[in-house]
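Examination of the molecular architecture
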Amino acid sequence: MGVPTGRAWIGSVWVPVNQDLGLDHFGEFNSFPRHEIKIGPIRGEMAALTLIHETFEAICDIYDLPLKENHIRCLEHAVAGLIVRSPELVDWVVSELRKAENTCPMSSRSVD
């Protein structure tokens with residue numbers, strides 16, 4: 001299955017996510033002329049890891065966090081490991097945040 005077209009909520013910004021089969025690399029985050037994550041012509045695990053990676057790139061850009069590429073790779077693999085090896089914790093976090101969304105929407109929790 002290819003990367004689903006969608007959008008990622010990052011801070012107070014919706015960032016479109018698209019697969020671009022014309023890319024000659026795994027993926028990229030663009031901040032100009034608008035925020036956008038593009039995933040190249042890859043599938044499966046590599047596409048999932050790339051989406052996590054580019055999401056961290058977007059977070060760094062939006063919040064002006066000076067993380068280096070190796071820092072982002074460490075975070076990418078740590079989060080992927082959490083998702084794969086501790087799915088019950090991830091399910092719990094998702095459940096709790098979705099419940100809280102009813103009383104305190106994520107749009108009101110920006111760290112800007």
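The coordinates are above.
Here's what I pulled together on the structure shown here.

The next thing to look at is helix α2 (residues 69-85). Along its 17 residues, α2 runs 24 Å from first to last C-alpha, staying within 8% of the 24 Å computed at 1.5 Å per residue. Elements that come into contact with the buried residues of α2 comprise α1 (44-62).

This paragraph deals with the pairing of strand β1 (residues 6-10). Sheet topology places β1 next to strand β2 (residues 13-19); five bridges connect them, and they run antiparallel. Bridge pairing in β2 places Ile 10 opposite Val 13. Where β1 folds back on β2, the antiparallel hairpin that results is connected by two residues, among which Gly 11 adopts a positive phi of roughly 65°.

Inspection of the entire model under this criterion finds zero disulfides. Here Cys 60 is not disulfide-linked; the sulfur of Cys 74 is the nearest cysteine sulfur, at 12 Å. A residue is classified by how much of its surface remains accessible, and Cys 60, at 8% relative accessible area, is buried. The exposure class of Cys 74 is exposed, given its relative accessible area of 54%.

How each quantity is defined
Just so you know, the residues in each chain are numbered from 1, in the order the chain's sequence is written. The predicted nature of this model means local features are confined to residues of pLDDT at least 70 and side-chain atom pairs, given and counted, to a pLDDT of 80 or more, with totals for whole chains, interfaces and linings taken over all residues. The side-chain numbers reported here are obtained from all heavy atoms of the structure, hydrogens and water having been left aside. Every helix listed is a DSSP run of H or I at least four residues long, and every strand listed is a run of E at least two residues long, numbered separately from the N terminus. Multiply 1.5 Å by the residue count of a helix minus one, and that product is the helix's expected span. By the convention used here, residues are in contact when the closest approach between their heavy atoms is within 4.5 Å. For two strands to be treated as a pair, DSSP must find no fewer than two bridges joining them. In this description, the term disulfide denotes a pair of cysteine sulfurs within 2.5 Å. Only protein chains enter the calculation, and the probe is 1.4 Å; a residue is then buried if its accessible area is under 20% of its type maximum, exposed if over 50%, and partly exposed in between.

Coordinates in, geometry out; function isn't part of it.
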